[in-house]
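Chain by chain, the residues run as shown.
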Amino acid sequence: MKTFTPTPETIDRQWYLVDADSQILGRLASQIAHRLRGKHKPEFAPHMDNGDFIVVINCDKIRVTGGKLQKKKYYSHSGWVGGLKEITLEKQLATKPAEVLRHAVRGMLPKNRLGRAMLKKLKIYAGAEHPHAAQAPQPLTFQN
């Protein structure tokens, strides 16, 4: 008996809709990363991108536990001397709520071109509307 190896022609990708309203950030990000990677499928292969497309709505209503709103900080550096910038989670949620979830999911994916390809299948929107109605995403709920 031969070992089954998936090929790009045999991959079946589905579209899923996740409502992030009152979901905890880290728990939601880990479950989304699991689906993007394709680890929930029996034909999972670590060297291939066989995950599904995930559309996340209402990410501006995401929750965090503890004092992370004031204590958690995101850093960026311009490359110049003194170019370190920091922003708290509270300010980032007020200005760019989609980037908070994208950053959390990106940290849970592989750090190579395969991980970058997986991240492109994640579509995040702050409100309840999304332009992916033509793909007919199926609702997906995660248990906390």
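Residues numbered from 1 in each chain as written. Predicted model: local features only at pLDDT ≥ 70, side-chain atom pairs only at ≥ 80, totals over all residues. Heavy atoms only, no water.

Student: Sorry if this is basic, but what is going on with the nonpolar core here?
Tutor: Soluble globular proteins: nonpolar side chains tend toward being buried together. Among the nonpolar cores identified, the biggest contains 29 residues, and Leu28, Ile32, Ile54, Val56, Leu101, Val105 and Leu122 are the most heavily contacted of them. Tallying contributions element by element places helix 1 (residues 25–37) first for this core, with six residues. When sequence neighbours within four positions are dropped, the list of residues in contact with Val56 reads Val18, Ala20, Ile32, Leu101, Leu122, Lys123, Ile124 and Tyr125. (Core = buried A, V, L, I, M, F, W, Y, C linked by side-chain atoms within 4.5 Å. Buried < 20%, exposed > 50% of the residue type's maximum accessible area, 1.4 Å probe, protein only. Helix = DSSP H or I, 4+ residues; strand = E, 2+ residues; numbered from the N terminus. Contact = heavy atoms within 4.5 Å.)

Student: Would you mind showing me how to read the pairing of strand 1 (residues 15–19) here?
Tutor: Within a regular strand, the side chains alternate between the two sheet faces. Most of strand 1 sits inside the fold, with four of its five residues counted as buried. As paired strands, strand 1 and strand 2 (residues 53–57) are joined by five bridges and run parallel to one another. Residue pairing across strands places Val18 opposite Val56, the latter belonging to strand 2. Taking the sense of rotation as the criterion, the β-α-β connection linking strand 1, helix 1 and strand 2 turns out right-handed. Across two bridges, the pairing between strand 1 and strand 6 (residues 138–139) is parallel. In the strand pairing of strand 6, Leu17 is matched with Pro139. (Pairing = 2+ DSSP bridges. Right-handed = clockwise from strand over helix to strand, strands pointing away.)

Student: Quick question: what am I supposed to make of the layout of surface pockets here?
Tutor: With a probe scaled to a water molecule rolled over the atoms, the places where space remains empty come into view. If you add up the space inside the largest pocket, you get close to 220 Å³. Along the walls of the largest pocket sit Tyr74, Tyr75, Ser76, Lys85, Glu86, Ile87, Gln92, Glu99, Arg102, His103 and Arg106, which together make up its complete lining. Of all the secondary structure elements, the ones that give two or more residues to the lining of the largest pocket are strand 3 (73–77), strand 4 (84–88) and helix 4 (97–106). Ranked by residues supplied to the lining of the largest pocket, first place goes to helix 4 with four residues. The residue inventory of the lining of the largest pocket, partitioned by class, reads three nonpolar, three polar and five charged. Empty space within the second largest pocket amounts to approximately 170 Å³. Taken together, Ile24, Leu25, Gly26, Val64, Thr65, Lys68, Lys72, Tyr74, His103, Ala104 and Met108 make up the full set of residues lining the second largest pocket. (1 Å grid on protein atoms, 1.4 Å probe; cavity = no way out; pocket = protein on both sides within 12 Å on 5 of 7 lines; lining within 4 Å. Points joined across faces, edges and corners; volume = space filled by probe spheres on them. Nonpolar A, V, L, I, M, F, W, Y, C, P; charged D, E, K, R; others polar.)

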